[in-house]
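For reference, the chains in residue letters:
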Amino acid sequence: MGEAMVQGLLRKKLLNNRSITVGEPREERRRELEEKHGINVTAKNSEAAKACKILVLSVKPQDLDAVLAGLKGLLKPDQMVMSIVAGARISAISRGLGHSAIVRVMPNTPAQIGEGISVWTATPSLTEDQLSQARTVLQALGKEIYMNDEKFLDMATAVSGTGPTYVFLVMEAMVDAAVHLGFPRHVAYELVTETMRGSIMYAMKSGKHPAELRNMVTSPGGTSAAALYQLEKGSLRTVLSKAIWAAYERSKSLGEGKSPSVEKNNDAGA
Ligand SMILES: NC(=O)c1ccc[n+]([C@@H]2O[C@H](COP(=O)([O-])OP(=O)(O)OC[C@H]3O[C@@H](n4cnc5c(N)ncnc54)[C@H](OP(=O)(O)O)[C@@H]3O)[C@@H](O)[C@H]2O)c1
């Protein structure tokens, strides 16, 4: 995700390569990043943090505490920290760094191709200029939406952060069903992906409510009506709603530092 941000910033010419420094512990990966993007690399996060305007935290949640400890007390008040670490609360990052200028972001995987959507929030000490810089960095990943309360980050984790997973599962199920009907897999894949892409673009361009678009193609006794009957009978809406609620609850509990096993058997949303 950090590399996607670097790529987006360079692709959109928002920064030049030598104004980006990546702190990365593995030598092989440092070399790869330097060769591929022409950016500065260092094994010491403290070195990357020293002179930067914006410090992006993009490590796995389990590595965060050690990274914060290594940077504690090093940042000046006018440096902005941007964290994309899932579940990491602003209060925990602020405590860990001894720093108060923090932006917390929930991106999603389409950011890898600059088509992501990020939801973000910021601490009150940030200036208008810093907020605008944060927005610009996030636009390297795709679209961005600012929310004025951190509570929306757990909700965004469940909807847009985890969202591609739901879409990929539906995509996979539709491709398998098309193969079951008799289509070769590559044809099934193209039919499904183009149908998804076209339907989304149509919905967005028409501005119509999804139910209206659906009703427009549901003729009495027709194929859509037959399929919709089965989707409703299988509780598709309820299952999706429960899945999103479960992801929301899990995001909240990870933020509180609870291990996943605590809630393993809960039927969230029930
Ligand atoms: N992927 C997503 O869709 C997504 C969505 C929303 C949020 N996020 C969040 O984004 C963060 C990064 O996720 P990711 O999928 O990009 O993970 P990732 O590919 O594992 O990237 C993490 C990077 O951190 C590096 N790293 C490990 N320890 C470090 C240290 N002590 N100092 C500096 N760098 C260190 C790793 O280096 P090595 O390669 O050498 O191990 C790796 O390059 C996570 O917190 C995740 O929750 C991801």
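What you are looking at is a predicted structure, and each value in this text was computed from that prediction instead of being measured. (Residues numbered from 1 in each chain as written. Predicted model: local features only at pLDDT ≥ 70, side-chain atom pairs only at ≥ 80, totals over all residues. Heavy atoms only, no water.)

1. Details of the overall build of the chain
Then, number 1: Check the secondary structure of the chain and you find twelve helices and seven strands.
Then, number 2: Viewed in the frame of its principal axes, the chain has a C-alpha envelope of about 70 × 40 × 35 Å.
Then, number 3: Here the chain holds 270 residues, and 34% of them are scored as buried.
Then, number 4: Put simply, of all contacts in the chain between residues at least 6 apart along the chain, 55% involve residues at least 24 apart.
Then, number 5: Split by element, the accessible area of the chain, about 16400 Å² in all, is 57% carbon and sulfur. (Helix = DSSP H or I, 4+ residues; strand = E, 2+ residues; numbered from the N terminus. Buried < 20%, exposed > 50% of the residue type's maximum accessible area, 1.4 Å probe, protein only. Contact = heavy atoms within 4.5 Å. Areas by Shrake-Rupley, 256 points an atom, 1.4 Å probe, with all protein chains shown as cover.)

2. Considerations on the packing of aromatic side chains
Then, number 1: A complete count under the given rule lists two aromatic pairs for this structure.
Then, number 2: The interplanar angle of 70° and the centroid separation of 5.0 Å between the aromatic rings of W120 and Y146 together place this pair among those described as edge-to-face. Remark: Y146 occurs in strand β7 (residues 142-146) and W120 occurs in strand β6 (residues 116-122); sequence separation between them is 26 residues.
Then, number 3: For W120, a relative accessible area of 0% corresponds to the buried category.
Then, number 4: On the basis of relative accessible area, Y146 is assigned to the partly exposed category, the value being 34%.
Then, number 5: Judged by centre distance (5.4 Å) and plane angle (70°), the rings of W245 and Y248 are edge-to-face. Separated by three residues within a single helix, W245 and Y248 lie in helix α12 (residues 236-255), roughly one turn from each other.
Then, number 6: The class for W245 is partly exposed, based on a relative accessible area of 45%. (Phe/Tyr/Trp six-rings, centres within 6.5 Å; stacked < 30°, edge-to-face > 60°.)

3. As for the pairing of strand β3 (residues 54-57)
Then, number 1: Along β3, the buried face is formed by L55 and L57; none of I54 and V56, which line the opposite face, is buried.
Then, number 2: Crossover β3 to strand β4 (residues 80-83) through helix α4 (residues 61-71) is right-handed. (Right-handed = clockwise from strand over helix to strand, strands pointing away.)

4. A short note on the confidence of the model for the chain
Note that predicted coordinates carrying low pLDDT should not be read in detail.
Then, number 1: Mean pLDDT over the chain works out to 93, with 96% of the residues at or above the 70 mark.
Then, number 2: Low pLDDT, under 50, characterises residues 265-270; the predicted model gives this stretch seven contacts beyond four residues in sequence or across chains. (pLDDT = per-residue confidence, 0-100.)

5. Examining the pairing of strand β5 (residues 102-106)
Within a regular strand, side chains alternate between the sheet's two faces.
Then, number 1: With five of its five residues buried, β5 lies for the most part within the structure.
Then, number 2: The alternating pattern of β5 places I102, R104 and M106 on one face and V103 and V105 on the opposite face, and all of these are buried.
Then, number 3: Considered for its hand, the β-α-β crossover made up of β4, helix α5 (residues 90-97) and β5 is right-handed.
Then, number 4: In this sheet, β6 lies alongside β5 in antiparallel orientation, the contact comprising four bridges. (Pairing = 2+ DSSP bridges.)

6. Quick word on the site of the ligand
Then, number 1: The ligand sits among 18 residues. The nearest are M1, E24, R26, V59 and T109.
Then, number 2: Take G23: an N or O atom from its main chain is 3.5 Å from a nitrogen atom of the ligand.
Then, number 3: Measuring from an oxygen atom of the ligand, one finds a side-chain N or O atom of K60 at 3.3 Å.
Then, number 4: Taken by itself the ligand offers 900 Å² of open surface, and the protein chains cover 71% of this.
Then, number 5: A per-element tally of the shell around the ligand places α4 first, with three residues.
Then, number 6: Residue composition of the shell around the ligand, grouped by class: ten nonpolar, four polar and four charged. (Near = heavy atom within 4 Å. Polar contact = N/O pair within 3.5 Å; in protein donor to acceptor, adjacent residues only side chain to side chain. Nonpolar A, V, L, I, M, F, W, Y, C, P; charged D, E, K, R; others polar.)

7. A few points about the sheet that holds β7
Then, number 1: In spatial order, the strands read β3-β4-β5-β6-β7; together these five strands make up an open sheet with mixed pairing. Across the chains shown, the open sheet's two edge strands, defined by having one partner strand only, are β3 and β7. Each adjacent strand pair in this sheet contributes to an overall mean axis angle of 25°, direction not counted.
Then, number 2: Inspection of the sheet shows β6 paired to β7 by five bridges, in the parallel sense. (Axes fitted to C-alpha atoms, helices over the stretch in contact; angles between N-to-C directions.)

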